[in-house]
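These are the residues of each chain, in order.
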Amino acid sequence: MLVYLDNSATTRQYDQVTESMTKVMKDYYGNPSSLHTLGYEAEKLVKKARKSIAQSLGASDDEIIFTSCGTESDNTALYGIAHSRRRQGNKIITSKVEHPAVLEACKVLEKEGFHVEYIGVDKKCRLDMDALKRAIDDDTILVSIMSVNNETGTIMPIEEIAGMKKNAILHTDAVQGYGKVDLKNCRADMISVSAHKIHGPKGMGALYVKKGINLPPYMAGGGQERGYRSGTENVPGIVGFGRAVELAFGDFKRRVNSMSASRKYLLDGISSNIKDVIVNSPADGAASVLNISFLGTRGEVLLHTLEQDGIFVSTGSACSSNKKGKGQSHVLGAMGLKPKEIEGAIRFSFSEFNTIDEMDYVLDKVEKAVTRFRRLGSFR
Ligand code: PLP
């Protein structure tokens, strides 16, 4: 049995997405900027996909910029706003639990002289809203807070933050929230999303930029994406993204309910069958993520043991978990977990393809792996 529970790292592409992309590569290979029919056909496909993505965010088509990934969307938003609003203020506010796509960009901005304030979280990764309120002042040009945390699934109150941001632009990294929580009414000024987290292609993202906000071009050149991001469009990627959005949002409720059922079943089973665990995800977190510390074990060893049984999980975010020296999660650290609690943490992340039968299998294997580890210590 193969049970894929690492959907926050990436998802299996929908077959229909692959089919649509293959068709574009074979038949619609024109450059959308070309004046002939092949170019026009490609341009039409890009427009259609843009419309789907705009609708999924409650936006209009000309508020969407296609990018090469969620990271690029985040970088475009942070650098763009910081540089274009430099005269209005010098302060940027973010959280300690953002993805490196935001945190590392903030470090670069700090080196450029911006003052960045990092807001903390509690034991369930909930943002310290009082600290955020105190931090937002007239000098604040940008607030960037993720909509769903990638390691715990904690949902951040973006709409509430929109109500207290004063003159700042509010950006949300919604890479993990997209397709899982409603972003149409979140009232953020800018939203980063990525296709590969919703069964679309890797290397494809988008940035929503509310009308009226001016960004300097992120890539200068031929003027594609209304001048914000030049470069010939990745037409197959864009079409695949659009198709993924149609499928994921066309079936939003059923998908989320299905993830939720898998998550609940696994959580209930672990809580009643395995002693000495800490549930790091909040009860009202996103349906897609469940983070649990199995005390007295090492997550990395559990991960490889489960892998031998065909179960794929993660110890933290995929992007940082395989880097030397970055072993311990900055998110769980910011939540105040002790090193031993972080060491035993596993992230299970779900998609609509997971089933209750799979969860029974996972429960059995997790219980065995944890019991064995606790009895023998590290057995690898
Ligand atoms: N932001 C968050 C919260 C993420 O989880 C990820 C990917 O894991 C990213 C940004 C980066 O997205 P991408 O892989 O498309 O660059």
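Just so you know, these numbers come straight off a predicted model, no measurement behind them.

Participant: What am I meant to see in the sheet that holds strand β12 (residues 345-349) here?
Facilitator: What links the strands of a sheet is backbone hydrogen bonding, and the strands pair in either a parallel or an antiparallel sense. Spatial ordering of the open sheet is given by β9-β10-β12, a layout of three strands whose pairing is antiparallel. With partners counted over all chains shown, the strands left at the sheet margins are β9 (277-279) and β12, one partner each. Strand-to-strand, the axes of this sheet are offset by a mean angle of 25°, without reference to chain direction.

Participant: Explain helix α13 (residues 356-376) here, please?
Facilitator: Because each turn of an α-helix spans 3.6 residues, side chains separated by three or four positions in sequence point in the same direction. For α13, spanning 21 residues, the distance from its first C-alpha to its last is 30 Å, which sits close to the expected 30 Å at 1.5 Å a residue. Taken residue by residue, α13 has Glu358, Met359, Val362, Leu363, Lys365, Val366, Ala369, Val370 and Phe373 as its buried positions. Turning to α13, the residues buried within the fold contact β1 (3-4), α8 (252-273), β10 (289-294), α9 (299-308), β11 (311-312) and β12.

Participant: Got a minute to help me understand the sheet that holds strand β4 (residues 115-119) in this structure?
Facilitator: Strand order in this open sheet of seven strands is β2-β8-β7-β6-β5-β3-β4, and the pairing throughout is mixed. Every interior strand has two partners, whereas the edge strands, β2 (64-67) and β4, have only one. Going across the sheet, the axis of each strand differs from the next one's by a mean of 20°, ignoring polarity. Pairing geometry for strand β3 (residues 91-95) and strand β5 (residues 140-144), over four bridges, is parallel. For Lys91, the partnering residue across the bridge sits in β5 and is Thr140.

Participant: Which parts of the structure should I look at to understand the side chain of Arg85?
Facilitator: Mapping Arg85 onto the fold places it in the loop between α3 (70-84) and β3. Contact partners of Arg85, with chain neighbours within four places excluded, come to Ile141, Asn167, Ala168 and Ile169.

Rules used in this analysis
- Residues numbered from 1 in each chain as written.
- Predicted model: local features only at pLDDT ≥ 70, side-chain atom pairs only at ≥ 80, totals over all residues.
- Heavy atoms only, no water.
- Pairing = 2+ DSSP bridges.
- Helix = DSSP H or I, 4+ residues; strand = E, 2+ residues; numbered from the N terminus.
- Axes fitted to C-alpha atoms, helices over the stretch in contact; angles between N-to-C directions.
- Expected span 1.5 Å × (residues − 1).
- Buried < 20%, exposed > 50% of the residue type's maximum accessible area, 1.4 Å probe, protein only.
- Contact = heavy atoms within 4.5 Å.

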